[in-house]
There are 2 protein chains.
Amino acid sequence: MARRKIIIETIGTIYTPFKKIKGMPIQPVAAEGVKGHIEIFPEYAKGLEDLEEFSHITLLYHFHEINGYNLKVKPFMDDEEHGIFATRSPKRPNAIGISTVELLNIENNILYIASTDMLNETPLIDIKPFFGIFDNRFDTRSGWLDKNSDLSGNKLLSDNRFL
Amino acid sequence: MARRKIIIETIGTIYTPFKKIKGMPIQPVAAEGVKGHIEIFPEYAKGLEDLEEFSHITLLYHFHEINGYNLKVKPFMDDEEHGIFATRSPKRPNAIGISTVELLNIENNILYIASTDMLNETPLIDIKPFFGIFDNRFDTRSGWLDKNSDLSGNKLLSDNRFL
């Protein structure tokens, strides 16, 4: 099949306490309690109806401070290189991130969220409701991550490697 | 913050048994055992290294047969309208889908997968490894879906409403 180009128009902006990449949490589980908010552009606000009844939402967003990509990277939680698609590294062919965060409440076009692990002023692409019955997976194998699943210490914080 | 446009270049193509939208499974859980494969364009194949050690992968892809969007939709699993962002409907401002599928094996740039719930020849945008310790969420509330969580019958199959 032919290659395609798809044009994305952002639907809002995510505001968080993280002004720079270094020291950021690298996953929502490392950002427990970290609050932020999302401003949805007013023309999309009607699309938020009934979303406040969900406890968790999955955000798709642009890694807006990342330039270019590498096909092999050393992820934050390992000392060895892996293919980019076996990692969550932001330096990927299409710089789109996904994070499931807690939804606290919604006021008009503003969503208040917790467990935010993205940079301040991150452009938002989409919001999906998290469906507990569809989205959890059990009996999973997680490759290189399985041998590095001690979540203590600083391994869950970003350094400068992807700048 | 200003609106942004982001240009996505697809990285491969997903092949499944579903040649038309009507009758497709609407979630991977409704597609148990349905096999498919992904062809990654050769220039990205190096990025697949070590991915075969993961049992599940999350695909980001383009809803390529959907035109335009609605801010209010009646999702497949309910009889009432909800805001588009409270649903997984494909008719959304940015027509990007996410599905977590089983990874069976990889041969060069071909990934063999199961639980495929997307249309044949779907353009692939990204692959993320599924991290059991990061990606599951418990004690979730799923709004309108919670009252419709009887998964039997045809409610998990698509009709023509989004054509």
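Summarised in this report is the structure supplied together with it. (Residues numbered from 1 in each chain as written. Chains lettered and ligands numbered in written order. Predicted model: local features only at pLDDT ≥ 70, side-chain atom pairs only at ≥ 80, totals over all residues.)

**Notes on the overall build of chain A**
Alright, step 1. Broken down by element type, chain A carries two helices and nine strands.
Alright, step 2. In sequence order, chain A lays out its α and β elements as β-β-β-β-β-β-β-β-β-α-α.
Alright, step 3. Whereas a compact globule of 163 residues would reach a radius of gyration of roughly 15 Å, chain A reaches 16 Å, a difference of no more than 12%.
Alright, step 4. In chain A, which comprises 163 residues, the proportion classed as buried is 47%.
Alright, step 5. Looking at chain A alone, contacts between residues at least 24 apart form 77% of all its contacts between residues at least 6 apart. (Helix = DSSP H or I, 4+ residues; strand = E, 2+ residues; numbered from the N terminus. Rg over C-alpha atoms; globule rule 2.2 N^0.38 Å. Buried ≥ 20, exposed ≤ 12 C-beta atoms within 10 Å, placed from the backbone. Contact = placed C-beta atoms within 7 Å.)

**As for the sheet that holds strand β3 (residues 35–40) of chain A**
Residues and elements named next belong to chain A.
Alright, step 1. Taken together, six strands build a closed barrel; the order of strands is β2-β3-β8-β7-β4-β9 and the barrel is antiparallel. Within the sheet, the average angular offset between the axes of one strand and its neighbour, ignoring direction, is 45°.
Alright, step 2. With three bridges joining them, strand β2 (residues 12–15) and strand β9 (residues 122–129) adopt antiparallel strand pairing. Bridged to I14 within β9 is T122. (Pairing = 2+ DSSP bridges. Axes fitted to C-alpha atoms, helices over the stretch in contact; angles between N-to-C directions.)

**Quick word on the pairing of β3 of chain A**
All names here are of chain A.
Alright, step 1. Of the two faces of β3, only one is covered, namely that formed by G36, I38 and I40; the face formed by K35, H37 and E39 stays uncovered.
Alright, step 2. Two elements, β2 and β3, share four bridges in a ladder whose sense is antiparallel. Considered in β3, the bridge of T13 is made with E39.
Alright, step 3. Sheet analysis places β3 next to strand β8 (residues 110–114), joined by five bridges and oriented antiparallel. Within β8, the position partnered with H37 by the bridge is Y112.

**Quick notes on the interface of chain B and chain A**
Alright, step 1. Between chain B and chain A, the residue contacts involve 63 residues of the former and 63 residues of the latter.
Alright, step 2. Elements with a contribution of two residues or more to the side of chain B that touches chain A: β1 (5–9), β4 (56–62), β6 (82–83), β7 (96–107), β9 (122–129), α1 (132–135) and α2 (143–146) of chain B.
Alright, step 3. Counting residues per element, the side of chain B that touches chain A draws most heavily on β9 of chain B, which supplies six residues.
Alright, step 4. Split into classes, the residues belonging to the side of chain B that touches chain A amount to 29 nonpolar, 18 polar and 16 charged.
Alright, step 5. Strand direction decides the pairing type here: strand β1 (residues 5–9) of chain A and β1 of chain B, joined by five bridges, are antiparallel. Counted as the bridge partner of E9 of chain A is K5 of chain B from β1 of chain B. (Nonpolar A, V, L, I, M, F, W, Y, C, P; charged D, E, K, R; others polar.)

**Considerations on the nonpolar core**
Alright, step 1. The biggest cluster of nonpolar side chains holds 78 residues, and the ones touching the most others in it are L59 and I125 of chain A together with L59 and I125 of chain B.
Alright, step 2. Discounting chain neighbours no more than four positions away, the residues touching L59 of chain A are I14, I98, S99, V101, L124 and I127 of chain A. (Core = buried A, V, L, I, M, F, W, Y, C linked by C-beta atoms within 7 Å.)

**Things to note about the environment of K128 of chain B**
Alright, step 1. Take K128 of chain B: it is sitting in strand β9.
Alright, step 2. Residue class for K128 of chain B comes out buried when judged on the 21 C-beta atoms lying within 10 Å of it.
Alright, step 3. In this view, K128 of chain B contacts R88 and I98 of chain A together with I57 and T58 of chain B; residues no more than four positions away in its chain are not counted.

**What about the sheet that holds strand β2 (residues 12–15) of chain B?**
Residues and elements named next belong to chain B.
Alright, step 1. One closed barrel accounts for six strands, arranged β2-β3-β8-β7-β4-β9; its pairing is antiparallel. Here the average twist between neighbouring strands, direction ignored, is 45°.
Alright, step 2. Bridge count for β4 against β7 is seven bridges, and the pairing is antiparallel. By the bridge assignment, I57 is partnered in β7 with V101.

**Quick notes on the relation of the copies chain B and chain A**
Alright, step 1. Rotating chain B by 180° and translating it 0.0 Å along the rotation axis places it on chain A, where the RMSD comes to 0.0 Å. Given the turn and translation reported, the copies of this chain are related as if by a two-fold rotation axis.
Alright, step 2. Of all interface residues in chain B, 100% are interface residues in chain A too; the two copies therefore contact each other through one and the same surface. (Least-squares fit on C-alpha atoms with pLDDT ≥ 70 in both.)

**Notes on the environment of R4 of chain A**
Alright, step 1. Counting through the fold element by element, R4 of chain A comes out in the segment before β1.
Alright, step 2. Sequence separation between R4 of chain A and N94 of chain A is 90 residues; the distance between their C-alpha atoms is 13 Å.
Alright, step 3. The contacts of R4 of chain A, once residues within four sequence positions are left out, are T10, H62 and P123 of chain B.

**Quick look at unusual backbone geometry**
All names here are of chain B.
Alright, step 1. Phi at N108 is positive, roughly 55°, even though this residue is not glycine.
Alright, step 2. In this structure N108 comes out as exposed when scored by C-beta crowding, with 10 C-beta atoms within 10 Å.
Alright, step 3. Here the phi dihedral of D139 falls at roughly 50°; this positive angle occurs in a residue that is not glycine.
Alright, step 4. Within the secondary structure, D139 sits in the loop between α1 and α2.

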